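# Secondary and tertiary structure notes
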Amino acid sequence: MCSTHYSAHRRRQIAYGRWNPRVPADAVRAHVEAMSAAGVNANQLAKLSGVSQPALSQIMAAGPDKKVAAWVEAAVLAVSVPERAAEVTTDTALVPILGARRRFQALVASGYPAAQLARELGTARGNRTIRSLMGQRADRDGRVTQEIAAERERAVKALFDRLQLVPGPSAQARALGKRHGWPLPIEWDEHAIDDPNARPVQARWTPASAREERREQVVELTARGLSEDQIAERLGINARLVARDRAYNSRKRELAERHAPQDNSRDIATMAQVAAKARADLAVRRSPVRSRAIVRSR
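Residues numbered from 1 in each chain as written. Predicted model: local features only at pLDDT ≥ 70, side-chain atom pairs only at ≥ 80, totals over all residues. Heavy atoms only, no water.

## Section: the nonpolar core
Core analysis: the largest hydrophobic core is formed by 56 residues, its most contacted members being Leu45, Val76, Phe104, Leu117 and Leu133. Considering each element in turn, this core owes the most residues, six residues, to helix α6 (residues 98-109). With sequence-adjacent residues up to four places away left out, Leu45 is seen in contact with Val32, Met35, Val40, Leu56, Val76 and Val79. (Core = buried A, V, L, I, M, F, W, Y, C linked by side-chain atoms within 4.5 Å. Buried < 20%, exposed > 50% of the residue type's maximum accessible area, 1.4 Å probe, protein only. Helix = DSSP H or I, 4+ residues; strand = E, 2+ residues; numbered from the N terminus. Contact = heavy atoms within 4.5 Å.)

## Describing helix α2 (residues 26-37)
Taking 1.5 Å of rise per residue, 12 residues should cover 16 Å, and α2 covers 17 Å from first to last C-alpha, within 8% of that figure. Positive backbone phi, at 100 degrees, marks Gly39, one or two positions downstream of α2. (Expected span 1.5 Å × (residues − 1).)

## Focus on the pattern of salt bridges
Tallied over the full model, the rule gives 11 salt bridges. The salt bridge involving Asp91 is made with Arg154; its shortest N-O contact spans 2.1 Å. Of this pair, Asp91 sits in the loop between α5 (70-77) and β3 (94-96) while Arg154 sits in helix α9 (residues 150-163), and the two are 63 residues apart along the sequence. Of the residues examined, Asp91 reaches a relative accessible area of 38% and is grouped as partly exposed. Note that Asp245 and Arg215 form a salt bridge whose closest N and O atoms lie 3.4 Å from each other. On the criterion of sequence distance, the pair formed by Asp245 in helix α13 (residues 239-258) and Arg215 in helix α11 (residues 207-223) is long-range, its members being 30 residues apart. Accessibility classification places Asp245 together with Arg215 in one group, the buried group. (Salt bridge = Lys/Arg side-chain N within 4 Å of Asp/Glu carboxyl O.)

## What to know about the side chain of Arg214
Of note, Arg214 is situated in helix α11. We classify Arg214 as buried; its relative accessible area is 7%. At 2.7 Å, the side chain of Arg214 and the side chain of Asp245 are in polar contact. With sequence-adjacent residues up to four places away left out, Arg214 is seen in contact with Pro167, Leu235, Ile237, Leu241 and Asp245. (Polar contact = N/O pair within 3.5 Å; in protein donor to acceptor, adjacent residues only side chain to side chain.)

## Focus on the confidence of the model for the protein chain
Atom-level detail of predicted coordinates should not be read off regions where pLDDT is low. Summary statistics for the protein chain give a mean pLDDT of 81 and a share of 82% for residues scoring 70 or more. Mean pLDDT across the secondary structure elements of the protein chain bottoms out at helix α15 (residues 288-297), with 50, and peaks at α6, with 95. (pLDDT = per-residue confidence, 0-100.)

## Looking at the packing of α6 against α9
Closest axis-to-axis distance for the α6/α9 pair is 9 Å, and the angle between their directions is 35 degrees. As for how α6 packs across α9, the hand of that crossing is left-handed. Of α9, the residues touching α6 (which contributes Ala100, Arg103, Phe104, Ala106 and Leu107) are Glu153, Val156, Lys157, Leu159, Phe160 and Leu163. Residue composition of the contact of α6 with α9, grouped by class: eight nonpolar, no polar and three charged. (Axes fitted to C-alpha atoms, helices over the stretch in contact; angles between N-to-C directions. Left-handed = near helix turned anticlockwise from the far one by under 90°. Nonpolar A, V, L, I, M, F, W, Y, C, P; charged D, E, K, R; others polar.)

## A few points about helix α10 (residues 171-180)
With a side-chain oxygen positioned 3.3 Å from the backbone nitrogen of Gln172, the residue opening α10 is Ser170. Trailing α10 by a residue or two, Gly181 shows a phi angle of about 75 degrees, which is positive.

## Details of the packing of α2 against α5
Relative placement of two packed helices is described by the angle separating their axes and the distance separating the axes. Relative orientation of the contacting elements α2 and α5 amounts to 25 degrees, with a least axis distance of 9 Å. The angle between the axes of α2 and α5 places the two elements in the roughly parallel class. Where α2 crosses over α5, the handedness of that crossing is left-handed. Here α2 contributes Ala27, Val28, His31 and Val32 to the contact with α5, which in turn contributes Glu73, Val76 and Leu77. When the residues that make up the contact of α2 with α5 are grouped by side-chain class, the tally is five nonpolar, one polar and one charged. (Parallel < 35°, antiparallel > 145°, perpendicular 65-115°, else oblique.)

Pasting the structure below:
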C-alpha cells in the first residue's frame, strides 16, 4: 500500500482494536522448520506463501527477540505441512526422493522390471532418474541422488498405487529385489513410506497369495455383472488375465462340487430306524414271557 492507504488502513484497524502490526517470529520459525522436515525448502515455501525467500532467511537467522509483520505470520502459517512435499510444490521443484525410491524398488521386488516401469513413466531404463530410483549412483559426483522433480515423484506414486496389489510377470525382477533386500509393496505402511524413520514390516506375502487375492476380486466383480474389460480396467490388468482367472475359478468351483460330500442323511436315518426295529425284535424274542408262550403253543 502507498503511505496514504497504509495510514487509512492503520487508523481503521486501531479503531476496531485489531492493530497488531508486529508479532513474535517463533511461530514462523517453527513452521519453516516443519516444512523443511517435510521436504519443502525455504525457496518453495516462499513461492507458496508469497513471502520472499530473503525475508524467510532473515527470520530464521535473527535472534530470539525477532518480530515479524502479522501478515507474514498469517501467510506462512496458511501453507499446511504436507505428508509429501510433492503434494504442494510446483512440477519442477526438487523434493526428497526417498518415498519414490521405496515405491519403485517395491514394484521391482514384486515382479516389475525397471525397464517396464520406466516405459510406464515415459522414459528409458538408462535415464538418470530411473537409476536414482533404483538406488544407483546417478549424479555428476558419482553419488546417489537424493532429490527428484515433484512431477516425477507424483507419477511414481500414481504408478505404485495402480500396481501395488498386482504381482508383476518377471521372476528375474523378483530375484533382483530379493537380492537387494527390497521390501514388497504390502510391507510398507502407505502413511509412513515417505518417513525417513519408517521401517517396513515383514509380511508372509508371496506372489501366489497376491494372485489368489486378485482371483477373489475377479469373482466378486464378475458377480456384480462387470465385463472382462471393465474388470481389467478396475484392477489395472489386461483382459486376457481376467479371462484366465475366470476359467481358473470356474474349474475350481467344478472340482469343489464334484468332490463335495453327498447328503446321505436320509439313508442314515432309515438305517437307524431299521437297526432300532431289529434290536426291538431281538429283545422280544429273548423275553421269558414270549418263550413260555411259545412252549405252551407247542
